[in-house]
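Residues per chain are reported as follows:
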Amino acid sequence: KDDGVIFISIDDNEVSNLRKICDEVFGEENCIGTISRATGTRMGSGSRGIARELDYLLIYSKTDTTLLRKLPMTSEELSIYNQEDERGKYLTRSLRRTGGENRREDRPSMFYPVLSPDGDEIFPFAPEGWESRWVCGKDTYEQLLADNFIEWKKVTKDGQERWQVYQKHYLNEDGKESSDLWTNEAGNKKGTRELNALFGGKKVFDHPKPIDVLKKIIDLGANKDEIVMDFFAGSGGIGQAVMELNVNASKNLKAILVQLPETIDDTEKKARQNRVAIEFLQSAGLPLTIAEISKERIRRAAAKIKEEKPEYEGDLGFKVFKLDSTNIKPWEVDFDLTERTLEDYISNIKSDRREEDVLYEILLKYGLDLTLPISERSIAGQKVFDIGMGALIICLADAISLEVVEGMAKLKEELN
């Protein structure tokens, strides 16, 4: 989509190279920023005197007009908006500039008098007595005053009452912008504990991302009804994060997880390190691949949600697709046709393919959503597939009678 964004996680070793590659691929103007995240784990201790405790999230968009979404505010953050008027909740901050560049000489045009409710001229002086400045120029102040964004309060200092001027800052119901420094988020150890808990305390995968971090990334990049794709699924954390957001935040997200069937190294050198994962997959009769761990994690996360939220009626299932060649036999015979050759081509479907394989190839070629509900029906003794409540009705039997055709037409009419 034109408002799509990509988040790429990387450590200190390659972040500079990745930034150059992304600038080349996506364009420098589409770089939204880089988030530094505290991992909570010291890496490389003793390596030239610096232990690394950060990794990085590079964020790029498809177009330079794309903005990240606001994050929900915590109850603590909301509590500071402790005043309210007809516009809503707000907090006040001093109109005098504090912090850096807060002297008159830094911005001379922002040193001017404003009138207090008593009609006295008030200048921006620091408590120490030197000339400071306001946060805005005079024209902007006049506009803020006219729009009722200025508030005066009487304060007592050194035993004397005097007027102090403040600017109103209203609560943004959409949330808050993200910082580029994440220090309060869960560390990598929590990600490991979360995954281990799903697998009965067994460590089947190294360095999974914490679910809270993944959910925060999704909140920044996706609306309530979007597609979230993880190009390197690993343990399948994004799948779990999407399900939890759908359940707990009333979202309607869909996830696509891509993971090569990368074999878990069971060589003598690595067997001890990967022993738990290997034993688990073998006991379950599953192939020794990372993809199998991804799938099993999502199954277990869904089961956990069902147990904790039995009232939830949303979709917690998933489908698995594997890249393969077409189900259709290519016509690749020479001119020396034989009876055996012709017999091989009586059916144009490869012998090792199921009806479901052909069905999904048809969906792809029709451009239909692979997440559409598919149900099986029986018409005149033949299996018939109903895709998307009548969007498409298919029978893939070798021989289809007139009774089957009429039954399919009647079913189509009933569903529509």
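By convention here, each chain's residues receive numbers from 1 onward along its written sequence. In keeping with the predicted nature of the model, local features appear solely for residues at pLDDT of at least 70, side-chain atom pairs appear and are counted solely at 80 or more, and the whole-chain, interface and lining totals rest on all residues. Values shown for side chains rest on all heavy atoms present in the structure; no hydrogens or waters enter the calculation.

Q: An account of the packing of helix α8 (residues 275-283) against helix α9 (residues 290-308) is requested, with residue identities and associated values reported.
A: A pair of packed helices is captured by two measures, namely the crossing angle of their axes and the spacing between those axes. For the pair α8 and α9, the least separation of the axes is 11 Å and the interaxial angle reads 75 degrees. Between α8 and α9, the crossing angle belongs to the class labelled roughly perpendicular. Only Glu292, Ile293, Glu296 and Arg300 of α9 make contact with α8, whose side of the interface consists of Ala277, Phe280 and Leu281. Geometry is summarised by axes, namely lines fitted to C-alpha atoms with helices restricted to the contacting stretch, and by angles between N-to-C directions that run from 0 to 180 degrees. Secondary structure is summarised from DSSP: a helix means a run of H or I of at least four residues, a strand means a run of E of at least two, and numbering begins at the N terminus for each. Comment on the angle field: the value is read as roughly parallel under 35 degrees, roughly antiparallel over 145, roughly perpendicular from 65 to 115, and oblique elsewhere. We call two residues contacting when some pair of their heavy atoms lies within 4.5 Å.

Q: Quick rundown of the sheet that holds strand β1 (residues 5-10)? Include the residues and the values.
A: Strand pairing follows a simple DSSP-based rule, namely that at least 2 bridges must link the two strands. Reading across from one edge, β1-β3-β2-β10 is the order of the 4 strands in this open sheet, with mixed pairing throughout. Taken across any chain shown, the strands that pair with only one partner, and hence form the sheet edges, are β1 and β10 (181-182). The pairing of strand β2 (residues 31-43) with strand β3 (residues 52-61) spans 8 bridges and is classified as antiparallel. Across the sheet, the residue bridging to Ile35 is Leu57, located in β3.

Q: Can you explain the sheet that holds strand β14 (residues 382-387)? Please cite residues and give values.
A: One open sheet accounts for 3 strands, arranged β13-β14-β15; its pairing is antiparallel. Strands with a single pairing partner mark the edges of an open sheet, and in this sheet they are β13 (374-379) and β15 (392-394). Each adjacent strand pair in this sheet contributes to an overall mean axis angle of 25 degrees, direction not counted. Strand direction decides the pairing type here: β13 and β14, joined by 6 bridges, are antiparallel. Pairing of Ile374 across the sheet is with Ile387, part of β14. Sitting on the sheet, helix α11 (residues 355-366) is in contact with β13, β14 and β15, with an inclination near 35 degrees to β14. In the packing of helix α12 (residues 402-415) onto the sheet, contacts are made with β13, β14 and β15, and the angle to β13 comes to roughly 135 degrees.

Q: Could you give an account of the pattern of salt bridges, naming the residues involved and the relevant values?
A: Side-chain pairs of opposite charge can arise whenever the charged atoms involved come near each other. We define a salt bridge as a side-chain nitrogen of Lys or Arg found within 4 Å of a carboxyl oxygen belonging to Asp or Glu. A complete count under the given rule lists 31 salt bridges for this structure. The closest approach of N and O atoms between Glu142 and Lys138, which form a salt bridge, is 3.6 Å. Of this pair, Glu142 and Lys138 both sit in helix α3 (residues 138-146), 4 residues apart, roughly one helical turn. Judged by relative accessible area, which is 37%, Glu142 ranks as partly exposed. Partly exposed describes any residue whose relative accessible area lies between the buried limit of under 20% and the exposed limit of over 50%, with all areas from a 1.4 Å probe on protein chains only and scaled to the type maximum. By relative accessible area, Lys138 is classed as partly exposed at 38%. Between Lys190 and Glu194 there is a salt bridge; the shortest N-O distance is 4.0 Å.

Q: Now, about the packing of aromatic side chains: what can you tell me, with residues and values included?
A: Any two rings among Phe, Tyr and Trp, with Trp reduced to its six-membered ring, count as a pair given centres within 6.5 Å; such a pair is stacked if its planes are under 30 degrees apart, edge-to-face if over 60, and tilted if neither. Throughout the structure, instances matching the rule amount to 11 aromatic pairs. Between Phe111 and Phe125 the ring centres are 6.1 Å apart and the planes differ by 90 degrees, which places this aromatic pair in the edge-to-face class. One end of the pair, Phe111, is in the loop between β5 (88-94) and β6 (114-115); the other, Phe125, is in the loop between β7 (121-122) and α3, and 14 residues separate them in sequence. Taken together, the ring pairs in this structure connect Tyr90, Phe149 and Tyr170 into an aromatic cluster. Lying over the aromatic face of Trp130, Arg103 brings its terminal NZ or CZ to 4.0 Å of the ring centre. Working rule: Lys NZ or Arg CZ, within 6 Å of ring centre, within 35 degrees of ring normal, means a charge sits over the ring. Over the ring of Trp182 we find Lys216, and its NZ or CZ is 4.3 Å from the ring centre.

Q: Give me the nonpolar core: which residues, what numbers.
A: Note on terminology: a nonpolar core comprises buried Ala, Val, Leu, Ile, Met, Phe, Trp, Tyr and Cys residues joined through side-chain atoms within 4.5 Å. Among the nonpolar cores identified, the biggest contains 20 residues, and Val204, Met243, Ile264 and Ile293 are the most heavily contacted of them. Every element with two or more residues in this core is listed here: α4 (188-198), α6 (237-248), α8 and α9. For this core, the element with the highest residue contribution is α9, accounting for 6 residues. When near neighbours in sequence (up to four residues on either side) are disregarded, Met243 contacts Ile298, Ala301, Ala302, Ile305 and Leu316.

Q: Please give an account of the side chain of Arg37 that cites residues and values.
A: The residue Arg37 is located in strand β2 in this model. In this structure, Arg37 is in contact with Glu53, Leu54, Asp55, Trp182, Ala186, Gly187, Asn188, Lys209, Pro210 and Val213, ignoring residues within four places of it in sequence.

Q: Outline the environment of Ser401, supporting the account with residue identities and numerical values.
A: Relative to the helices and strands, Ser401 resides in the loop between β15 and α12. Given a relative accessible area of 35%, Ser401 falls into the partly exposed group. Counting along the chain gives 396 residues from Ser401 to Val5, while the straight-line C-alpha distance between them is 51 Å.

Q: Just give me the short version of α6, but keep the residues and values in it.
A: Here α6 contains 12 residues, and its C-alpha end-to-end distance of 16 Å stays within 8% of the 16 Å for a straight helix at 1.5 Å per residue. A large share of α6 lies buried, amounting to 11 of its 12 residues. Where α6 is concerned, the buried positions are Gly237, Ile238, Gly239, Gln240, Ala241, Val242, Met243, Glu244, Leu245, Asn246 and Val247. Lining the buried residues of α6 we find α4, α5 (211-221), β11 (227-230), β12 (254-257) and α9. Among the residues trailing α6, Ser250 stands out with phi positive, at a value near 55 degrees. Take the number of residues in a helix, subtract one, and multiply by 1.5 Å to get its expected span.

Q: I'd love a proper account of unusual backbone geometry, names of residues and values included.
A: Here the phi dihedral of His207 falls at roughly 60 degrees; this positive angle occurs in a residue that is not glycine. Along the chain, His207 turns up in the loop between α4 and α5.

Q: Explain α11 residue by residue, including any values.
A: Counting along an α-helix, one turn takes 3.6 residues, and residues three or four places apart therefore face a common direction. The terminal C-alpha atoms of α11, which comprises 12 residues, lie 17 Å apart, in line with the 16 Å expected from a rise of 1.5 Å per residue. The complete set of buried residues in α11 reads Val358, Leu359, Glu361 and Leu363. Buried-residue contacts for α11 involve β13, β14 and β15. One or two positions beyond α11, positive phi appears at Gly367, with a value near 75 degrees.

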